[in-house]
Amino acid sequence: MLKLPGLIDLHVHVREPGATHKEDWDTATSAALAGGFTTIFAMPNTMPPIFDRDTLDLGLASAKEKARCDYAQFLGAGPNNANWDVHPDLPPRAAGLKMYLDSTFGELRLDDMTLWMQHFATFPKHLPIVLHAESRTMAAGILFAEIYDRPIHIAHLSLREEILIIKAAKERGIKVTCEVAPHHLFINKDLTGFQNLSGLSVGHQEVRPRLTSQKDVDALWDNLDIIDCFATDHAPHTIEEKDSDNPLPGFPGLETALPLFLTAADRGRLTVDDIVEKMYTNPKKIFNLPEQPGTWIEVDENAQYEIRGAEHFSRCGWTPFEGYQVKGRVTRVVLRGKDVYKDGKVLAEKGFGQNIRD
Ligand code: DOR
Ligand code: ZN
């Protein structure tokens, strides 16, 4: 039995409000506990998006009622909320600010760089700004971090050129941190990676950032020391939505991340210490999170099994890792002294989860 700290997922699309047929605060936090996470950060691209007082209140009310693990909610950067000086009480109630600078799902994309300037100038410096920014847009975001002298965190980076530019920026002392999603480490666009499974239909392969070449995947593994965090980018859509003529981008990930990384550790690709650093220590440091006293997870590191999406707590009912052989199973999760997950059952009540920014 392996005992680890309660993991933190910085990047979860909970889907509530607005798309609870895919997921809600109940199912997302159940999936989180089953995956070994005791804290999740919720993304703001809901319907409506979370970007002001009313929508933040709305999102946090659902979370308070239903969450079974601890959480924080991101605010989204939009065209009409770029001056945070007007609402100084809102940012401290949030996980941080999420800015969508590249193609995404939802209404929050920001193309106008003068709006970026206002967000960077007015969002409090001690709270992180998280960027969805790919390739050259990411380089522009790093320039903004330098100009405004404030920390930024790059979400789900996926390309060789991105990890190399972040490495160079860190060497120069720019305040940039980054996360990588498991699917960009374990699946390539030709589906010839880690486990060589060809069962993923075209619609099921849709995700933003897109799946990449093995050259990009290798560059991420080769620069593991530059990657601060692993974050799932858990973005559930239903099987019908994935199979439609216009498949929605996104993968669920909460229940598969830790088993995949433990399997990689078993094969010598990283260490368990690396996993703890990137799924607990660094997220906690970057987002200035409080301790969760009396909190840990237990893992049977010898349990071998096949991943089956139909067995998961996520409402979407599928996984891009269907059929993967993994080694390592979460057997118990203790949160603030209480057994909240044990042997396949979620034991925490709805509403047991706390807002870590309260
Ligand atoms: O694949 C993605 N899905 N990328 C995003 O940026 C958004 C996410 C979603 O919300 O479904
Ligand atoms: Zn996302």
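1. Quick notes on the sheet that holds strand β12 (residues 325–335)
Reading across the sheet, the 5 strands line up as β1-β11-β12-β13-β14 and stay open at both edges, with antiparallel pairing between neighbours. Single-partner strands in this sheet number two, and they are β1 (2–4) and β14 (345–346). Alignment of β12 against strand β13 (residues 338–342), held across 4 bridges, turns out to be antiparallel. Bridge assignment links Leu335 to a residue of β13, and that residue is Lys338.

2. Concerning the environment of Pro283
With respect to the element layout, Pro283 can be found in helix α10 (residues 272–286). Put simply, Pro283 and Cys229 are 54 residues apart on the chain and 6.3 Å apart in space, counted from C-alpha to C-alpha.

3. So, the pairing of strand β6 (residues 97–100)
Two faces make up the sheet, and in a regular strand the side chains alternate between them. Here β6 shows two buried faces, one formed by Leu97 and Met99 and the other by Lys98 and Tyr100. Note: strand β5 (residues 75–76) against β6, 2 bridges, orientation parallel. Considered in β6, the bridge of Gly76 is made with Lys98. Taken together, the 4 bridges between β6 and strand β7 (residues 129–132) define a ladder with parallel strand orientation. When the sheet's bridge partners are listed, Met99 is paired in β7 with Leu131.

4. Quick word on the packing of aromatic side chains
Geometry of an aromatic ring pair is reported as the spacing of the ring centres plus the angle between the planes. Tallied over the full model, the rule gives 15 aromatic pairs. Between Trp84 and Phe123, the aromatic rings sit 5.4 Å apart at their centres with planes inclined by 85°, giving edge-to-face as the arrangement. Pair noted here: Trp84 is in the loop between β5 and β6 and Phe123 is in the loop between α3 (113–122) and β7, with a separation of 39 residues, a long-range link. In this structure Phe123 comes out as buried when scored by relative accessible area, which is 2%. Measuring from ring centre to ring centre gives 5.2 Å for Phe321 and Tyr324, while their planes differ by 85°; the resulting arrangement is edge-to-face. Across the pair, Tyr324 and Phe321 agree in class, each one buried. Each residue in the set Trp116, Phe120, Phe144 and Tyr148 is aromatic and connected to the rest through ring pairs, giving one cluster.

5. Some points on the nonpolar core
Core analysis: the biggest nonpolar cluster contains 114 residues, and Ile40 and Met99 have the highest contact counts within it. For this core, the element with the highest residue contribution is helix α9 (residues 257–266), accounting for 7 residues. Those residues in contact with Ile40 that lie beyond four places of it in its chain are Asp9, Val12, Val14, Trp25, Thr29, Ala32, Cys69, Asp70, Tyr71, Ala72 and Leu254.

6. Quick word on the sheet that holds strand β2 (residues 7–12)
Taken in spatial order, the 3 strands of this open sheet run β2-β3-β4, and their pairing is parallel. Single-partner strands in this sheet number two, and they are β2 and β4 (70–73). On average, each strand axis in the sheet is tilted by 15° relative to the strand beside it, whichever way the strands run. Here strand β3 (residues 37–42) pairs with β4 via 4 bridges, running parallel. Its bridge partner being in β4, Ala42 is matched across the sheet by Gln73. Strand contacts of helix α1 (residues 25–34): β3 and β4, with the helix running at about 135° to β3, the strand carrying the most contacts. Across the sheet, α10 touches β2 and β3, and the angle it forms with β2 is around 70°.

Conventions adopted
- By convention here, each chain's residues receive numbers from 1 onward along its written sequence.
- Chain A is the first chain written and ligand 1 is the first ligand written, with later ones labelled in order.
- This being a predicted model, a pLDDT of at least 70 is required before a residue's local features are given, and a value of 80 or more before pairs of side-chain atoms are given or counted; all residues contribute to the totals for chains, interfaces and linings.
- Each side-chain value is derived from all of the structure's non-hydrogen atoms; neither hydrogens nor water enter the calculation.
- Paired strands, as defined in this entry, are two strands with at least two bridges between them according to DSSP.
- The helix and strand labels rest on DSSP assignments: H or I over at least four residues marks a helix, E over at least two residues marks a strand, and numbering proceeds from the N terminus.
- Buried residues are those whose accessible area, probed at 1.4 Å on protein chains only, stays under 20% of the maximum for their type, while exposed residues exceed 50% and partly exposed ones sit between those limits.
- Each aromatic pair joins two rings of Phe, Tyr and Trp (for Trp, the six-membered one) with centres within 6.5 Å, and gets the label stacked for planes under 30 degrees apart, edge-to-face for over 60, and tilted for any other angle.
- We call a set of buried residues a nonpolar core when its members are Ala, Val, Leu, Ile, Met, Phe, Trp, Tyr or Cys and they connect through side-chain atoms within 4.5 Å of each other.
- Contact between two residues is taken to exist if any of their heavy atoms lie within 4.5 Å; hydrogens are not considered.
- With axes taken as lines fitted to C-alpha atoms, and helix axes fitted only over the stretch in contact, angles between N-to-C directions fall between 0 and 180 degrees.

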